[in-house]
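# Reading the structure
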Amino acid sequence: MTEAEELEDLFRRYPRLRDANGEITSRPDPRYNCVAWAVGDDTIPWVADPGIVDDPELKRYGYWPPDAPRDDTLKGWIRMFGTLGYRRCRNWEFEPGYEKVAIYGTPARPEHAARQTTEGRWASKLGQGHDIEHELEGLSDSRYGSVLIVLRRRSRQGRLVEP
């Protein structure tokens, strides 16, 4: 499949992505997931519940910060990001000096995390597939639900986290 065909396939699966200027930024890579990507780690999936990782090899290596409860709920994800210095913020607009993450989902559970780029767009990892950039609402109303909360922390130089 060509990159143009892959992009059209993404637009079919995520209808709002076309209007949100969605673009593919990487080839598919199963080594990490959206939560890992949101905090800057492209080496290992971050999972509150290791049982949800499909690949048995990756399941052994799923990471979750040791100070965070393994709670796959919105409250659990907020607490996990909190161990990394993220706090609730009032808006999703770009603010120099801050890193932001958005948590998507339904009231029942979180489904996806994205991070804001230094240009103010949002970067997402789609399952074990592509990394993409998009406007914040580009993944809303898809299998990821809607944006539930945006968190921020002061910017850091270099690698964001070391699992």
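Residues numbered from 1 in each chain as written. Predicted model: local features only at pLDDT ≥ 70, side-chain atom pairs only at ≥ 80, totals over all residues. Heavy atoms only, no water.

Our next topic: the pattern of salt bridges. Overall, the coordinates contain 13 salt bridges when judged by the stated rule. Put simply, R12 and D9 hold a salt bridge, and the shortest N to O gap is 3.8 Å. One end of the pair, R12, and the other, D9, are both in helix α1 (residues 3-13), three residues apart, so they sit about a helical turn from each other. Assessed through its relative accessible area of 58%, R12 is described here as exposed. The residue R153 makes a salt bridge to E99 at a minimum N-O spacing of 2.7 Å. Residue R153 is located in strand β7 (residues 146-154), and its partner E99 is located in strand β3 (residues 98-106); the two are separated by 54 residues in the primary sequence. An identical accessibility class is assigned to R153 and E99; each is buried. (Salt bridge = Lys/Arg side-chain N within 4 Å of Asp/Glu carboxyl O. Helix = DSSP H or I, 4+ residues; strand = E, 2+ residues; numbered from the N terminus. Buried < 20%, exposed > 50% of the residue type's maximum accessible area, 1.4 Å probe, protein only.)

What follows deals with the confidence of the model for the protein. Overall, the prediction assigns the protein a mean pLDDT of 87, with 88% of residues at 70 or greater. For the protein, the element scoring lowest by mean pLDDT is helix α3 (residues 56-59), at 55; strand β2 (residues 87-88) scores highest, at 98. When the criterion is pLDDT under 50, residues 158-163 qualifies, and its contacts beyond four places in sequence or with other chains add up to 17 contacts. (pLDDT = per-residue confidence, 0-100. Contact = heavy atoms within 4.5 Å.)

A word on the sheet that holds strand β4 (residues 109-116). In space, the seven strands of this open sheet follow the order β1-β6-β5-β4-β3-β7-β2, with antiparallel pairing throughout. Only two strands of the sheet have a single neighbouring strand rather than two, namely β1 (23-24) and β2. Bridge count for β1 against strand β6 (residues 131-134) is two bridges, and the pairing is antiparallel. Of the residues in β6, the one forming a bridge with E23 is E133. (Pairing = 2+ DSSP bridges.)

The next point concerns α1. Helical periodicity: at 3.6 residues per turn, an α-helix aligns residues three or four positions apart in one direction. Of all the positions in α1, only E6, L10 and F11 are classed as buried. Taken end-on, α1 shows its buried residues confined to a sector of 145 degrees, consistent with a single buried face. Facing away from the buried surface of α1 by more than 90 degrees, the exposed residues are A4 and R12. The elements touched by buried residues of α1 are β1 and β6. (Arc of directions from axis to C-beta.)

Glancing now at the nonpolar core. One recurring pattern in soluble globular proteins is that nonpolar side chains are buried together. In terms of nonpolar packing, the biggest core is built from 25 residues, with V35, W46, W64, M80 and F81 touching the most fellow members. Among the secondary structure elements, those contributing two or more residues to this core are α2 (34-38), α4 (74-83), β3 and β7. Considering each element in turn, this core owes the most residues, five residues, to α2. Setting aside its immediate chain neighbours within four residues, V35 contacts W46, W64, W77, M80, F81 and A113. (Core = buried A, V, L, I, M, F, W, Y, C linked by side-chain atoms within 4.5 Å.)

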